[in-house]
Amino acid sequence: MRRTQRTQVVGLLDTLEFDNRFTRELPADPESENFRRQVMGACYSRVLPTPVARPELVVHSREMAEELGIPESDVSSQAFAEVFGGNRIADGMDPFAMCYGGHQFGNWAAQLGDGRAINLGEIVNAEGHRWVLQLKGAGPTPYSRTADGLAVLRSSVREFLCSEAMHHLGVPTTRALSLVLTGEQVVRDMFYDGNPKEEPGSVVCRVSPSFIRFGNFQIFTSREDFDVLRQLVDYTIETDFPHLGAPSKDTYLAWYDEICRRTADMIAHWMRVGFVHGVMNTDNMSILGLTIDYGPYGWLENFDPDWTPNTTDAGGKRYRFGHQSQIAHWNLVQLGQAIYPLIEEVEPLQEVVNAYPRHFEAAWQTMMAGKLGLGSYVRKTDDELVSDLHTILQSAETDMTIFYRNLARVELSEITCDGPIPELLREAYYVEDQITPDLASRVNLWLRRYADRVSSEGNEARVELMHRTNPKYVLRNYLAQLAIDKAEEGDHTMISELLEVLRRPYDDQAAMESYAERRPDWARHRPGCSMLSCSS
């Protein structure tokens, strides 16, 4: 087996200050060999990426490089591709894979861990911000089970673009620095139907203040390893939540409460932009309330609260769009059970997690007020107004993004109950035959009520607020697939063009109008454009 070289790459990344607190302060796996196994009593295993044949940089995030303090001259060097493709380890890096467990589709799965993610190390930038650099698809780790630890281009494109798109949308998220082709082929059975094929291999460098998940704590409680559990919780509070004070029983509860609040805010943002995670297992829930692990995600195009992008979830629809808040609550209950041994009282933990629905409702109401351009959410009028709107949106196949974006521009004073649906809103409908006189009447009646509600506030900033809340551009499923199709043929231009468009998702971009259009009919059921599997 080829081994990654631990080599200082002269002149590259020498501006970065590696701190590596995680590996310095937490218990390590004593076994140094990289083979699949159960790892006991340790938070991580040291492991090196697997070298690749011909690393080639496809795209990078200039904002993330700037945040990390990496100059553009370094990014354009071959040495950069070597490091972030997994061939070389720069001075100061201390690569490792984390040990964690988790509930998958509601069932305890025991040890999972970083099966195809290798953390290169932690840096502290010039502003004092901590960032973990992590390669996804850089080879097997002790936690890979039966998998190869690799990733293919299609999943890497989706991961890279969505991480950055979500950031620019204002959604709490992990980030992406780079996407590197490996020059090798990886065999994947995309739909687990017995039809494997070779696909281009690639590696994404993901970036986050922390990649710790709910499952990092669950694994130690499940094993009754409460000493390591306490070490990890105390480390997490001291590193990522220092404002809460020194670890204690009260601090643990305050920490749990903050996680609940952050998670509620994150889910409300998902609902605002129409994002469906697709696989909200507890090992995919960030302790920081960040969107993490972009696998079989999707963007809601026609408004359907029961839609899931995950083929594995097609039957039960556990992770469907409209159920994401309830799943987050369930996951938070599992986290509460994991930290119970440190508190040994059910009531205060129950009190904290029982407040989650209130946190989410408050975040959701604020979000919906913004989507409708209202200065505040008034339950007496707005509960019914929003409920009726959602019913109307489901009455015909309606593009959620276009409807809300164009609603800001509808001249409300000109709405008549017996007139046609305003042309701006007609752009949001997928099936012309569904725009019946009855639907038009219902839409226009709602618009009249909405106009009255808007006028009752006298909110002159309605359009501006709506345009700040409702994006014009999102990473539509079919757009990502078109970029993947071209990239697999060696043309990476659409990846870069999409990234550029998604940097300004709330702005009108005259030359990029085609990226804001409805999903074309050919993409309705095409693989990659409608649903995806958990396959990498």
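Residues numbered from 1 in each chain as written. Predicted model: local features only at pLDDT ≥ 70, side-chain atom pairs only at ≥ 80, totals over all residues. Heavy atoms only, no water.

Q: Explanation requested: the overall build of the protein in the structure shown.
A: Along the protein, the regular secondary structure elements total 18 helices and 13 strands. Computed over the C-alpha atoms, the radius of gyration of the protein is 24 Å, within 12% of the 24 Å expected from 2.2 N^0.38 for a compact globule of 536 residues. By principal-axis analysis of the C-alpha atoms, the protein measures approximately 75 × 60 × 50 Å. Out of the 536 residues in the protein, the part that is buried amounts to 60%. If you take every contact in the protein between residues at least 6 apart in sequence, the share linking residues at least 24 apart comes to 73%. Carbon and sulfur atoms provide 48% of the accessible area of the protein, an area that totals close to 21,100 Å². When the 53 basic and 77 acidic side-chain charges of the protein are each reduced to a single mean position, those positions are 2 Å apart. (Helix = DSSP H or I, 4+ residues; strand = E, 2+ residues; numbered from the N terminus. Rg over C-alpha atoms; globule rule 2.2 N^0.38 Å. Buried < 20%, exposed > 50% of the residue type's maximum accessible area, 1.4 Å probe, protein only. Contact = heavy atoms within 4.5 Å. Areas by Shrake-Rupley, 256 points an atom, 1.4 Å probe, with all protein chains shown as cover. Lys, Arg positive; Asp, Glu negative; His and termini not counted. Charge placed at Lys NZ, Arg CZ, Asp CG, Glu CD.)

Q: Can you help me understand the pattern of salt bridges in this one?
A: As a working rule, side chains carrying opposite charge can pair if their charged atoms are close by. Taken as a whole and assessed by the stated rule, the structure comprises 40 salt bridges. Of the charged contacts in the structure, one is a salt bridge between arginine 379 and glutamate 361, with a shortest N-O distance of 3.1 Å. Taken as a pair, arginine 379 in helix α12 (residues 379–395) and glutamate 361 in helix α11 (residues 356–371) lie far apart in primary sequence, 18 residues in all. According to the relative accessible area criterion, glutamate 361 is partly exposed, its value standing at 32%. Here glutamate 432 makes a salt bridge to arginine 426, at a shortest N to O gap of 2.4 Å. The class of glutamate 432 is exposed, set by a relative accessible area of 52%. Overlapping salt bridges, with partners in common, bring together Asp19, Arg21, Arg24, Glu25, Glu122, Arg130 and Glu238 in one network. (Salt bridge = Lys/Arg side-chain N within 4 Å of Asp/Glu carboxyl O.)

Q: When you look at unusual backbone geometry in this model, what are you seeing that I'm missing?
A: What you tend to see is this: most non-glycine residues have negative phi, and most peptide bonds are trans. Of note in this structure, glutamate 224 is not a glycine but carries a positive phi near 60 degrees. Checked against the element boundaries, glutamate 224 lands in the loop between α6 (214–222) and α7 (226–240). Not every positive phi belongs to a glycine, and lysine 317 is a case in point at roughly 50 degrees. Along the chain, lysine 317 turns up in the loop between β13 (298–299) and α9 (324–343). Relative accessible area serves as the criterion here: at 31%, lysine 317 is assigned to the partly exposed category.

Q: How should the side chain of serine 530 be read in this particular structure?
A: With respect to the helices and strands, serine 530 occurs in the segment after α18 (493–502). On the accessibility criterion, serine 530 (17% relative accessible area) is buried. A polar contact is formed between the side chain of serine 530 and the backbone oxygen of arginine 526, at a distance of 3.3 Å. Contacts of serine 530, omitting those with residues within four sequence positions, involve Trp307, Pro309, Ala523, Arg524 and His525. (Polar contact = N/O pair within 3.5 Å; in protein donor to acceptor, adjacent residues only side chain to side chain.)

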